[in-house]
Amino acid sequence: MLCVFPHYTPAFGTFNHAYRLMKGVRAFMPPQGLLVIAAYMPQAWQVRFIDENIRKASDADFAWADAVLVSGMHVQAAQIHDIAARAHAAGKVVMLGGPSASASPEMYPDIDYLHIGEIGDATDELIARLDESVARPSAQLRLETKERLPLQDFPIPAYDLIPLKNYLMLTLQFSSGCPYLCEFCDIPNLYGRQPRLKTPAQITTELDAMRKQKGHPPVVYFVDDNFIGNRKAAKDMLPHLLAWQKQHGYPLQFACEATLNIAKQPDILKLMRECSFLGIFVGIETPEADALKAMRKSQNVAVPMMESIKTLNDYGLEVTSGIILGLDTDSDDTEVRLKDFIDISRIPMLTINLLQALPKTPLWDRLKLAGRIADDPTLESNVRFLRPYEEVVSMWRRCIAHANDPERLFARFHHQVDATYVNRLIPPARGKLNWANLSGALVLAFRVFLHIGILSDYRRPFWRAARHALRRGQIDAVLGMGFIAHHLIQFTREALRGEQNASYYSTKTRTAEPMHSPQLAAVRKSA
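Residues numbered from 1 in each chain as written. Predicted model: local features only at pLDDT ≥ 70, side-chain atom pairs only at ≥ 80, totals over all residues. Heavy atoms only, no water.

**Some thoughts on the overall build of the chain**
Applied cut-off: The numbering of helices and of strands both runs from the N terminus, where a helix is a DSSP run of H or I of at least 4 residues and a strand a run of E of at least 2. Taken over C-alpha atoms, the radius of gyration is set against a globule rule of 2.2 Å times the number of residues to the power 0.38. Exposure is judged per residue with a 1.4 Å probe applied to protein chains only, and the accessible area is read against the type maximum: over 50% gives exposed, under 20% gives buried, and values in between give partly exposed. Any two residues having at least one pair of non-hydrogen atoms within 4.5 Å are treated as being in contact. Computed with the Shrake-Rupley method and a 1.4 Å probe, the accessible areas treat only the protein chains shown as cover for residues. The charged-residue count follows a simple rule in which Lys and Arg add positive charge and Asp and Glu add negative charge, with His and chain termini not counted at all. Charge positions are represented by NZ for Lys, CZ for Arg, CG for Asp and CD for Glu.
Helices and strands together make up the secondary structure of the chain, namely 19 helices and 14 strands. Computed over the C-alpha atoms, the radius of gyration of the chain is 23 Å, within 12% of the 24 Å expected from 2.2 N^0.38 for a compact globule of 527 residues. Seen through its C-alpha atoms, the chain measures out along the principal axes to roughly 65 × 55 × 45 Å. A burial count over the chain gives 58% of its 527 residues as buried. Residue pairs in contact within the chain that sit at least 24 positions apart in sequence constitute 78% of those at least 6 positions apart. Here the chain has roughly 21,900 Å² of accessible surface; of this, 54% comes from carbon and sulfur atoms. Looking at charge distribution, the chain has the averaged site of its 60 positive side-chain charges lying 7 Å from that of its 56 negative ones.

This is the structure:
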């Protein structure tokens with residue numbers, strides 16, 4: 001069995017420009033879902049795993065395989081079709097599962113077996129069919145999961161099949177599903193509103209499995225759709241995670257994603273701090289309360305937004321914010337309000353994307369009924385905005401230029417030193433004292449200081465923030481702000497030149513036409 005994960009399109013949140021600063025890093029995160037499926041295969045089967053973000057599957061790989069298994073999201077559709085074509089050229093049967101196939105099976109008429117839904121009875125049927133024959137079926141077969149495998153029965157992902165040292169961070173899943181019904185989100189339809197859970201013992205066992213590989217990344221990202229989808233479960237699991245950290249000398253640090261109302265859970269935040277959680281991705285989406293209510297995300301207005309951000313910072317959690325432009329509620333004031341929010345919140349990293357309608361979402365259903373879904377590969381979004389298209393795209397360009405202007409960006413990191421980093425737990429060093437961590441830190445330090453501190457045109461704002469952090473003993477913060485800012489600035493410059501898409505989910509076909517704009521000039525100004 002050859003498991004192949006497709007290449008990702010670069011985005012604000014994939015940090016691809018930061019890889020060259022780090023020792024051996026070539027990809028963002030291990031593909032958790034496909035690794036679980038790989039581990040679920042019968043023990044007697046030989047399984048080979050290739051993440052094409054690290055290396056491309058070769059002709060020899062396809063020749064070795066009896067069957068090829070692929071998974072991916074909508075944004076990877078073109079790459080999925082390419083893998084299938086290469087496998088078919090080698091005469092191999094191809095199976096596709098994962099979120100894209102489950103939400104939109106009609107997108108993949110070229111696939112032999114479509115696995116729709118999560119791991120479960122359909123997976124068992126697929127294995128049985130392959131055990132009987134690896135010949136390509138005469139027509140496409142769709143296998144749909146009716147009975148899902150409980151998360152507590154999931155195998156440990158097949159970490160042994162991939163080089164963990166080549167990833168920026170590790171991944172871990174504790175729960176699946178989210179109780180909220182945000183209009184643009186497909187999670188409830190794909191995975192349900194009642195979060196399903198792994199046991200705390202599974203979590204620590206998976207951490208043990210990751211640590212078996214030398215040189216693994218020191219940060220683990222909980223990929224749960226909402227870390228507090230089940231607040232009680234999160235609160236019950238964290239003491240087990242804390243005990244594991246203490247037992248092993250705090251070898252890892254953690255990050256997660258959650259709704260902003262986590263700020264109302266001080267007991268959970270206290271435990272997260274003690275476990276060494278450093279970052280949290282929050283889908284703030286927009287600072288406009290009316291817009292949040294319109295998109296059914298009223299949980300973000302449950303407490304004052306700025307107060308919530310400060311609360312998270314007080315527990316040592318650096319916030320990363322998702323922002324959406326192109327909403328029906330956007331007005332003449334939206335751009336000003338967003339820029340004000342960026343400056344006042346002082347959140348360092350914001351992933352600002354144009355609205356994209358995903359299948360299996362209330363947004364898709366509403367826009368489809370209104371004839372507002374665009375199937376045009378020349379556009380940055382599949383949504384027909386209420387405001388003029390070029391006006392929305394121009395607003396996006398101005399906003400990312402404002403957010404990632406080097407002076408503003410490093411000023412926000414400067415603020416984080418006192419507002420967030422000093423509030424973090426200082427764990428014992430013994431868990432991290434190994435050659436892999438030390439050599440990785442030395443390589444990162446050298447490259448940050450060389451490429452950003454000496455060679456870049458934004459070295460002056462970098463050094464202002466870096467000196468402030470160093471005076472307070474925040475060496476890790478200097479390296480972190482260096483590689484994050486470097487990626488954000490470089491990606492923004494590419495986006496303003498027209499070389500990157502305006503949405504992580506966009507499938508626009510890029511042209512080679514360079515774009516020179518006042519916003520690009522502003523971001524490129526010498527510091």
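**Examining the environment of Met-306**
With respect to the helices, strands and loops of the structure, Met-306 is situated in helix α11 (residues 305-314). Judged by its relative accessible area of 35%, Met-306 is partly exposed. Between the C-alpha atom of Met-306 and that of Pro-217, which follows or precedes it by 89 residues, the distance is 32 Å. If we ignore the near neighbours within four places in the chain, the residues touching Met-306 are Phe-341, Ile-344 and Ser-345.

**Notes on the sheet that holds strand β6 (residues 141-144)**
Just so we agree on the cut-off: When DSSP locates at least two bridges between a pair of strands, those strands are taken to pair. Here the axes come from fitting lines to C-alpha atoms, over the contacting stretch only for helices, and the angles between their N-to-C directions go from 0 to 180 degrees.
Across the sheet, which stays open at both edges, the six strands sit in the order β2-β1-β3-β4-β5-β6 with parallel pairing between neighbours. For this open sheet the edge positions go to β2 (48-51) and β6, each flanked by a neighbour on one side alone. The sheet shows a mean angle of 20 degrees between the axes of neighbouring strands, direction not considered. Sheet topology note: the strand β5 (residues 113-116)/β6 ladder contains four bridges and is parallel. Looking at the pairing, His-115 lines up with Leu-143 of β6. Relative to β6, helix α5 (residues 121-132) is tilted by about 140 degrees, and along the sheet it contacts β3 (67-71), β4 (93-97), β5 and β6.

**Brief notes about the nonpolar core**
Threshold: By nonpolar core we mean a set of buried residues, namely Ala, Val, Leu, Ile, Met, Phe, Trp, Tyr and Cys, connected to one another through side-chain atoms within 4.5 Å.
Among the nonpolar cores identified, the biggest contains 142 residues, and Leu-207, Phe-222, Phe-227, Leu-238, Met-272 and Phe-277 are the most heavily contacted of them. In terms of residue count, helix α18 (residues 475-496) provides more of this core than any other element does, 12 residues in total. Counting 19 residues, the second largest nonpolar core, distinct from the first, contains Ala-77, Ile-83, Ala-84 and Leu-96.

**A closer look at the packing of helix α15 (residues 406-419) against α18**
Operational definition: Throughout this description, any angle smaller than 35 degrees is read as roughly parallel, any larger than 145 degrees as roughly antiparallel, any in the 65 to 115 degree range as roughly perpendicular, and the remainder as oblique. Rotating anticlockwise by less than a right angle from the far helix to the near helix defines a left-handed crossing, while the corresponding clockwise rotation defines a right-handed one. Throughout this entry, Asp, Glu, Lys and Arg are counted as charged residues, while Ala, Val, Leu, Ile, Met, Phe, Trp, Tyr, Cys and Pro are counted as nonpolar. The remaining residues, Gly among them, count as polar.
At a closest axis distance of 11 Å, the pairing of α15 and α18 adopts a crossing angle of 155 degrees. With respect to their mutual orientation, α15 and α18 come out roughly antiparallel. Where α15 crosses over α18, the handedness of that crossing is right-handed. Residues Pro-406, Leu-409, Phe-410, Phe-413 and Val-417 of α15 touch α18, and the partners they reach there are Met-481, Ile-484, Ala-485, Leu-488, Ile-489 and Arg-493. Per-class residue counts for the contact of α15 with α18 are 10 nonpolar, no polar and one charged.

**As for the pattern of salt bridges**
Threshold: The salt bridge definition used is simple: a Lys or Arg side-chain nitrogen within 4 Å of an Asp or Glu carboxyl oxygen.
This model, assessed by the stated rule, comprises 26 salt bridges. Between Glu-407 and Arg-464 there is a salt bridge whose closest N-O contact spans 2.5 Å. Taken together, the positions of Glu-407 in helix α15 and Arg-464 in helix α17 (residues 459-471) put the pair 57 residues apart, joining distant regions of the chain. Via salt bridges that share partners, Glu-183, Asp-328, Arg-366 and Arg-372 belong to a single interconnected network.

**Quick notes on the environment of Glu-494**
Relative to the assigned elements, Glu-494 resides in helix α18. For the pair Glu-494 and Arg-136, spaced 358 residues apart in sequence, the C-alpha to C-alpha distance is 42 Å. Apart from the residues lying within four places of it in its own chain, the contact partners of Glu-494 are His-17, Glu-499 and Gln-500.

**What about the packing of aromatic side chains?**
Here is the rule we go by: Paired rings are identified among Phe, Tyr and Trp, the last through its six-membered ring, by centres lying within 6.5 Å, and are further divided according to the angle between planes into stacked (under 30 degrees), edge-to-face (over 60) and tilted (the rest).
For the structure on display, the rule yields 15 aromatic pairs. Taken together, a centroid distance of 5.8 Å and an interplanar angle of 70 degrees make the contact between Phe-410 and Phe-462 edge-to-face. A residue pair is termed long-range when its members are at least 10 positions apart, and Phe-410 in helix α15 and Phe-462 in helix α17 qualify at 52 residues. A relative accessible area of 0% means that Phe-462 is categorised as buried.

**Describing the confidence of the model for the chain**
Definition in use: Per-residue confidence from the prediction method is given by pLDDT, with values spanning 0 to 100.
Per-chain confidence: the chain averages 92 in pLDDT, with 95% of residues scoring 70 or above. Ignoring residues within four places in sequence, the model shows residues 512-516, a span with pLDDT below 50, making seven contacts including any to other chains.

**Some points on helix α8 (residues 231-248)**
Three or four residues apart is the spacing at which side chains of an α-helix point the same way, because the helix has 3.6 residues per turn. Under the convention used in this document: Expected span, for any helix, means 1.5 Å times one less than how many residues it has. In the analysis that follows, any N or O atom pair within 3.5 Å is treated as a polar contact, provided that within protein one partner can donate a hydrogen and the other can accept it, and provided that, for residues neighboring in sequence, both atoms belong to side chains.
Its 18 residues give α8 an end-to-end C-alpha distance of 26 Å, which sits within 8% of 26 Å, the value for a rise of 1.5 Å per residue. Within α8, the full set of buried residues consists of Ala-233, Ala-234, Met-237, Leu-238, Leu-241, Leu-242, Trp-244, Gln-245 and His-248. Its side-chain oxygen placed 3.3 Å from the backbone nitrogen of Lys-232, Asn-230 serves as the N-cap of α8. A positive phi of about 75 degrees marks Gly-249, the residue just after α8.

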